[in-house]
Amino acid sequence: MKIEGIKKILIYFLKRAIAIFITVAIAIYLTIVIANAGGYVDKIIEDEIRMDVAMAIRNDPSVRGFTDEQKQKIIENRVRNEMRRRGLDQPFIIRSIYHLKRALLLDLGTASSMTSDSGSMLVKNIILERIPLSILLFTTITIINFFSALYLGLKLSRRYGSFLDKLIVYLSPLSTIPGWFYGIFLIMIFYSWLHILPPGGFIDFPPPPTLLGKILNVAKHMILPVLSWFISSIFLSAYSERNFFLIYSTEDYVEVAKAKGLPDKVIERRYILRPALPPIITSFALALISSWMGAIVTEAVFNWPGLGMVLSRAIGTFDAPVIVGVTVIYAYLLGATVLILDFIYALIDPRVRI
């Protein structure tokens, strides 16, 4: 019986993994097509190659005695070879499938124009250099917001109709304003007016000489972006969690537990919080994965050198390999998160069965 049960579980998760992989592949392929504008970006690259080759031929002293027709033949021949070397001599549909295969194997290739801080044009190096900074900032934001909203939500569900409850309800529409908008005002207040916090950046230049000094300096630079997103999300998040817990607190088994005289903390932990964990963990996991990709506007406002700034530059320069590379990383992280959540549901929620 146990072997049969394990077999069913393995088959189920294998099917889920295949379905998620197909979804990831479709998302990546669509990104490749969109990032290339259906082949338009490759046309731009071809024009750049032709221009570079033509300038090199004109400045080459060995061909000065050639006629214009001979020079043009040399240009066409070099352009053709360079196009073949880059794989641009094939139709776009074939190239897109080839790019998809490489992307799925995490062979992200080289950027068209961008370089990493160390001078590398490899997309993986460009991403790996910047993604830790986005993880540092936005994971901190996500964790602070998540646990603050969870605590406030439970507290408000216990004090339904209180002054604090009404205040949070009235302030919740403020969360429709994005964090970077609050960030602009926070910079004006704490940097331009009070002169107590830096307006952005990752660390002072020159950086502090000691490790502890560097850590504290980075933390000081994180205060304003973290605070801006906290103000932006906390009211609506707390209001949502409060409503969520209120729904669970009206269940019959909660009323039975109250009738038995169980303490409020036990009721909250065992009969309200535990059944509500699956959707709570889902929202937290997806928010955490999303935060790792960084926020383009927020990083621009605070000059935070994370992945959001890389993606912004890649979009502005039509650097399709970098755009696709960032999407591939995000798609795999999201797919893995969805698959892992299936295991977590089975562990924390006894109602979930295959």
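Residues numbered from 1 in each chain as written. Predicted model: local features only at pLDDT ≥ 70, side-chain atom pairs only at ≥ 80, totals over all residues. Heavy atoms only, no water.

**Re the packing of aromatic side chains**
For clarity, the cut-off: Each aromatic pair joins two rings of Phe, Tyr and Trp (for Trp, the six-membered one) with centres within 6.5 Å, and gets the label stacked for planes under 30 degrees apart, edge-to-face for over 60, and tilted for any other angle. Helix and strand definitions here come from DSSP, where helices need a minimum of 4 consecutive H or I residues and strands a minimum of 2 consecutive E residues; each element is numbered from the N-terminal end. Partly exposed residues are those whose accessible area sits between 20% and 50% of the maximum for their type, while under 20% is buried and over 50% is exposed, using a 1.4 Å probe and protein chains only.
What the rule picks out here adds up to six aromatic pairs. Plain terms: the ring middles of phenylalanine 202 and tryptophan 304 are 5.3 Å apart, the flat faces sit at 75 degrees to each other, and that makes the pair edge-to-face. One end of the pair, phenylalanine 202, is in the loop between helix H7 (179–193) and helix H8 (211–249); the other, tryptophan 304, is in the loop between helix H11 (296–301) and helix H12 (307–316), and 102 residues separate them in sequence. The class of phenylalanine 202 is partly exposed, set by a relative accessible area of 25%.

**Observations concerning a nonpolar patch on the surface**
The cut-off we apply is this: The patches reported here contain residues having more than 30% relative accessible area and no salt bridge. Joining distances are 9 Å for like charges and 5 Å for nonpolar side chains (Val, Leu, Ile, Met, Phe, Trp, Tyr). Where accessible areas are quoted, they stem from the Shrake-Rupley method and a 1.4 Å probe; at the residue level, only the protein chains shown are allowed to cover. We count a salt bridge whenever a side-chain nitrogen from Lys or Arg sits within 4 Å of a carboxyl oxygen from Asp or Glu.
The grouping of Phe181, Ile184, Phe185, Met188, Ile189, Trp193, Leu194 and Ile196 at the surface amounts to a nonpolar patch, some 780 Å² of accessible area in total. One can find tryptophan 193 in helix H7.

**Comments concerning the packing of H7 against H8**
Applicable threshold: Orientation is described by lines fitted to C-alpha atoms, with helices fitted over the stretch in contact, and by angles between N-to-C directions that extend from 0 to 180 degrees. Any angle that is under 35 degrees is reported as roughly parallel, and any over 145 degrees as roughly antiparallel; angles of 65 to 115 degrees are reported as roughly perpendicular and all others as oblique. Handedness of a helix crossing follows the sense of rotation of the near helix relative to the far helix, less than a right angle counterclockwise being left-handed and clockwise being right-handed. Here, residues are in contact when the closest pair of their heavy atoms is within 4.5 Å. Each residue gets one label: Ala, Val, Leu, Ile, Met, Phe, Trp, Tyr, Cys and Pro are nonpolar, Asp, Glu, Lys and Arg are charged, and the others, such as Gly, are polar.
Taken N-terminus to C-terminus, the directions of H7 and H8 make an angle of 130 degrees; their axes are 8 Å apart at the nearest point. Considering the angle they form, H7 stands oblique to H8. In the packing of H7 onto H8, the handedness of the crossing is right-handed. Counting all contacts with H7, which are made through Gly179, Trp180, Tyr182, Gly183, Leu186, Ile187 and Phe190, the residues of H8 involved are Leu224, Leu227, Ser228, Trp229, Ile231 and Ser232. Of the residues assigned to the contact of H7 with H8, the class counts are nine nonpolar, four polar and no charged.

**Side note on the pattern of salt bridges**
Under the criterion given, the structure shown has four salt bridges. The salt bridge partner of arginine 130 is aspartate 117, with a shortest N-O separation of 3.2 Å. Placement of arginine 130 in helix H5 (residues 123–158) and of aspartate 117 in the loop between helix H4 (92–104) and H5 is noted, with a sequence separation of 13 residues between them. On the accessibility criterion, arginine 130 (15% relative accessible area) is buried. Between arginine 242 and aspartate 165 there is a salt bridge, with the nearest N and O atoms lying 2.8 Å from each other. You can see arginine 242 sitting in helix H8 and its partner aspartate 165 sitting in helix H6 (residues 163–171), a full 77 residues away along the chain. With respect to class, arginine 242 is no different from aspartate 165; both count as buried.

**Re the domain arrangement of the protein chain**
Rules: Note: domain ranges come from an automatic or database domain assignment.
Considered domain by domain, the protein chain is made up of domain 1 (3–105) and domain 2 (123–318). Each of domain 1 and domain 2 has a C-alpha centre, and these two points are 39 Å apart.

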